[in-house]
Amino acid sequence: MNNKNYLTPDEIASYTVKTGIKKVTRPYITQFILGILAGAFIAFAAEGSNVSAYGLWAKPETYGLGKAIAGALFGTGLMMVLIAGADLFTGNTLIIMAVLEKKVKLKDMLINWSLVYLGNFVGSLLVAYMIVKSGQLHMGGNMLAGATIKIASYKVSLSFTNAFFLGIMCNWLVCIAVWLAYSAKDITGKILGVFFPIWLFITSGFEHSIANMYYISAGILAKSNPHYVHASHLSEEVLNSLNWKSFIFSNLVPVTLGNIVGGALFVGAAYWFIYVRKNSQTQKLSV
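In what follows, the accompanying structure is described. Note that the structure is a prediction, hence the values are computed from the model and not measured.

### Brief notes about the packing of helix 7 (residues 139–156) against helix 10 (residues 209–222)
Remark: helix 7 packs on helix 10, axes separated minimally by 8 Å, with the N-to-C direction vectors making an angle of 115°. Both helix 7 and helix 10 take part in a crossing whose hand is left-handed. Together, Thr148, Ile149, Ile151, Ala152, Lys155 and Val156 of helix 7 and Asn212, Tyr215, Ile216, Ala218, Gly219 and Ala222 of helix 10 make up the contact between the two elements. Each residue belonging to the contact of helix 7 with helix 10 can be placed in one class, and the counts come to eight nonpolar, three polar and one charged.

This is the structure in structure tokens:
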């Protein structure tokens, strides 16, 4: 009698294909609302990470420690997505496995990606707006606000190439976290499966399109408060470069493309080729 509480890699691959089918067959409004929830969950994780580490980021000698602490907290967002139930665009890049297996049409995957991505943006922006309006950024004599604006300014200053490759590495790890969570049959296993890859991605400073929907939106909204601007100690030129246009074209576009490559190609397509394709060919030969 087999009592193992985890799935093997080939079983995870099969489960991921079935999950992809389930995701695209939900009503469109359900896909959109699940996207809003996931965007909010990731935004809460992002703001909480900022609160935990903004003081440490102020000094070069404690900057790395601050990143590690922020990373330890950020995984809570993906835990809520996977366990409570929500749909995150970056994780949904794994639907490519069902497409490659011809169980899902490419059109249906792209519709799901679009609805979930839009929902993620709405959820992230909602939390960013509430955080700024709530006065939470007053923490530390507006130091948290200053750090929020600095983070956003840094992200929109990345070159297209840098943002693209940082996006690839990010979602490679995020989808591995999802993969490990899928392998676990209990809550503890899912939490541990998510924790370490996400901790690694945040500590490393990689770029996540949905998290950036909070990080950069919050920075742009915070910029409207002169006290927050003063706390950022950024030049007028740098502050002027932080806007909705630079958010979309300088960060969101290249990071999203990188996230798609990291998740769909380096995890989804790779594991489909290794585990699912092999099994499909074996079944055909046995018929």
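### A few points about the packing of helix 3 (residues 60–85) against helix 9 (residues 187–204)
Packing of helix 3 against helix 9 brings their axes to within 7 Å, and their N-to-C directions diverge by 135°. Accordingly, the angle class assigned to the pair helix 3 and helix 9 is oblique. The hand of the helix 3/helix 9 crossing is right-handed. Of the residues in helix 9, those touching helix 3 at Lys67, Ala68, Ala70, Gly71, Ala72, Phe74, Gly75, Leu78, Met79, Leu82 and Ile83 are Ile187, Lys190, Ile191, Val194, Phe195, Ile198, Trp199, Phe201, Ile202 and Thr203. Taken together, the residues that form the contact of helix 3 with helix 9 break down as 16 nonpolar, three polar and two charged.

### Regarding the packing of aromatic side chains
Remark: the centre distance and the inter-plane angle together describe each pair of aromatic rings, the angle taken between the planes. Considering all chains together, one arrives at 14 aromatic pairs under this definition. Here the aromatic rings of Tyr214 and Tyr215 are separated by 6.1 Å at their centres, their planes lie at 65°, and the arrangement is edge-to-face. Ring-pair connections join several aromatic residues into one group, and the members of that group are Phe89, Trp113 and Tyr117. Taking the ring centre of Tyr6 as reference, the NZ or CZ of Lys4 above it sits at 5.1 Å.

### Examining helix 1 (residues 9–25)
Between its terminal C-alpha atoms helix 1 stretches 25 Å, which fits the 24 Å expected from 17 residues at 1.5 Å a residue. Of the positions making up helix 1, those classed as buried are Ile12, Ala13, Thr16, Val17, Thr19, Gly20, Lys23 and Val24. Down the axis of helix 1, the buried side of the element spans an arc of 165°, and every buried residue falls inside it. For helix 1, the exposed residues set more than 90 degrees away from the buried face come down to Lys18, Lys22 and Thr25.

### Some points on the environment of Ile202
Mapping Ile202 onto the fold places it in helix 9. On the accessibility criterion, Ile202 (9% relative accessible area) is buried. Spatially, the C-alpha atom of Ile202 lies 21 Å from that of Gly268, the residues being 66 residues apart in sequence. Excluding its chain neighbours within four sequence positions, the residues that come into contact with Ile202 are Lys67, Ala70, Gly71, Phe74 and Tyr215.

Criteria and cut-off values
- Each residue is numbered by its place in its chain's sequence as written, counting from 1.
- Local features in this predicted model are restricted to residues whose pLDDT is 70 or higher, and side-chain atom pairs enter the listing and the counts only when it is 80 or higher, whereas totals over whole chains, interfaces and linings include all residues.
- Just so you know, side-chain values use all the structure's heavy atoms and leave hydrogens and water out.
- Every angle, taken between N-to-C directions, lies between 0 and 180 degrees, and every axis is a line fitted to C-alpha atoms, over only the stretch in contact when it is a helix.
- Every helix listed is a DSSP run of H or I at least four residues long, and every strand listed is a run of E at least two residues long, numbered separately from the N terminus.
- It is the rotation of the near helix from the far one that decides the hand of a crossing: anticlockwise by less than a right angle makes it left-handed, clockwise makes it right-handed.
- Contacts are residue-level and defined by heavy atoms, with any inter-residue pair within 4.5 Å sufficient.
- Residue polarity follows a fixed list, in which Ala, Val, Leu, Ile, Met, Phe, Trp, Tyr, Cys and Pro are nonpolar, Asp, Glu, Lys and Arg are charged, and the others, Gly among them, are polar.
- In these notes the angle categories are as follows: under 35 degrees is roughly parallel, over 145 is roughly antiparallel, 65 to 115 is roughly perpendicular, and the rest is oblique.
- Centres within 6.5 Å make a pair out of two Phe, Tyr or Trp rings, where for Trp the six-membered ring is used; the pair is then stacked when the planes are under 30 degrees apart, edge-to-face when over 60, and tilted otherwise.
- Charges are assigned to positions over rings by a cutoff of 6 Å between ring centre and Lys NZ or Arg CZ, combined with an angular limit of 35 degrees from the ring normal.
- By definition here, a helix of n residues has an expected span of 1.5 Å times n minus one.
- The cut-offs for exposure are 20% and 50% of the maximum accessible area for each residue type, with area from a 1.4 Å probe on protein chains only; residues under the lower value are buried, those over the upper are exposed, and the others partly exposed.
- What the arc measures is the spread of directions leading from the helix axis to the C-beta atoms.

Any functional reading would require information beyond the geometric quantities listed.
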